[in-house]
Amino acid sequence: MLIGVPKEIKNHEYRIGLTPSGARELIANGHKVMLQRDGGKSIGLSNEHYEKAGAEIVDSADEIFQRAEMIIKVKEPQPAECAMLRPGQILYTYLHLAPDPDQTKALVASGCTAIAYETVTDRKGGLPLLAPMSEVAGRMSIQAGAHALEKAQGGSGVLLGGVPGVKPAEVLVIGGGVVGINAARMAMGMGAHVTILDRSLDRLKYLDELYGDRITTIYSTHDAIEERLPDTDLVIGAVLIPGAAAPKLVSREQLKLMRPGSVLVDVAIDQGGCFETSKATTHQNPTYEIDGIIHYCVANMPGGVARTSTFALTNATLPFAVQIANKGAKAALLADEHLINGLNVHAGIITHKAVADDLGYAYVSAAKALNA
């Protein structure tokens, strides 16, 4: 199979869909890899690194989309990229379709086979291709929140860990999954007082056993969130419903309960965000203020640490990429009950129920669509 890796074009996105070692693995399996020139240059992965691995370097994304049978990316295709996709071509990347009707419409129109990293599952019920970026984003959310709390950034001027004689900041983490536990870990490491909310009692028990009295665990309800907002300096939105739009857990009206200069970091922004006032921002302009509350809603947060993120992502996505290339998309998807959950669009059909339900499309199961 001829596999193409274009340079990412989203604002301040420096990650690349495949490392040189990933390219070498695919080539060792009998496939060909071509990479857009300088696609990894900004994170220290030179054209020479890829050429040494056996990849072909081409000058334009146009050539990659025209020639490649499978496109491996990091972020969802931008409108210009969607326009270059063709029927039968495999797209393997993050998609986050539920809050993005325009992208969904374009992928349906293209006729491509679009496999979303964020909905591939594992035998434990986890999301193995989303997890590494969730780990990064969870940890970064505390860095970003701590910076936004600085007075010069519009924040309240609170130091996350406090100092002797001055109490630390109060951090509220909504969601105890991969993002939430990594956010809590970083916040505790910086000396903040952390409360984490989740609706899984098993998860709360696990967190309590793991961290004991270093963390406060609370069953998540609307009342529980509202009661804690007045005393909270930093709120991390870390909820996820796989494939679906994130639920809105903090309303605009509730912002009035918070102290001016408090900070909301919405890690769920890729799925539409979990605060009513959330709107996607970029690394170039990461924050905005509403009713005195600072919002950080960068949609590609792990792109800020692009080198770490690229290696972590390839570690997770490569085994499935090899399966797809070795067997072809149809055979690989039908042979793997977890990979097939990643199929969101095939030949103009929506094959992920949460996406279909949120955007009003007819839903056809992935197996049925592949066998049509």
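Provided above is the structure to which this section pertains.
Small disclaimer: the values here were computed from a predicted structure and weren't measured.

Remarks on the nonpolar core
Tyr92, Val171 and Ile236 are the most contacted members of the largest nonpolar core, which totals 77 residues. Broken down by element, this core gets its largest block of residues, nine residues, from helix α10 (residues 306–327). In this structure Ile236 touches Ser141, Ile142, Val171, Leu172, Val173, Ile174, Ala183, Val265, Val267 and Phe275, once residues within four positions along its chain are discounted. Core analysis: the second largest hydrophobic core is formed by 24 residues, Ile174, Ala246, Met258 and Ala268 among them.

With respect to helix α1 (residues 20–28)
Turning to α1, its buried residues number three or more, namely Pro20, Gly22, Ala23 and Leu26. The arc that holds every buried residue of α1, seen down its axis, measures 160 degrees, which confines them to one face. Those residues of α1 that are exposed and aimed more than 90 degrees away from the buried face are Arg24 and Ala28. Where α1 is buried, its residues contact β1 (2–5), β2 (32–36), α2 (47–53), β4 (70–72) and α10. Just beyond α1, the residue with positive phi is Gly30, at close to 95 degrees.

A word on the pattern of salt bridges
Counted under the stated rule, the structure contains 14 salt bridges. A salt bridge links Arg67 to Glu63, with the shortest nitrogen-to-oxygen separation between them at 2.8 Å. Taken together, the positions of Arg67 and Glu63, both in helix α3 (residues 61–67) and four residues apart, correspond to about one turn of that helix. With a closest N to O distance of 3.0 Å, Asp291 and Arg252 form a salt bridge. Taken together, the positions of Asp291 in the loop between β12 (287–290) and β13 (293–296) and Arg252 in the loop between β10 (234–237) and β11 (263–266) put the pair 39 residues apart, joining distant regions of the chain. Judged by relative accessible area, Asp291 falls into the partly exposed class, the value being 38%. Taken together, the shared-partner salt bridges in this structure form one network comprising Lys10, Lys75, Glu76 and Asp270.

Conventions used here
Residues numbered from 1 in each chain as written. Predicted model: local features only at pLDDT ≥ 70, side-chain atom pairs only at ≥ 80, totals over all residues. Heavy atoms only, no water. Core = buried A, V, L, I, M, F, W, Y, C linked by side-chain atoms within 4.5 Å. Buried < 20%, exposed > 50% of the residue type's maximum accessible area, 1.4 Å probe, protein only. Helix = DSSP H or I, 4+ residues; strand = E, 2+ residues; numbered from the N terminus. Contact = heavy atoms within 4.5 Å. Arc of directions from axis to C-beta. Salt bridge = Lys/Arg side-chain N within 4 Å of Asp/Glu carboxyl O.

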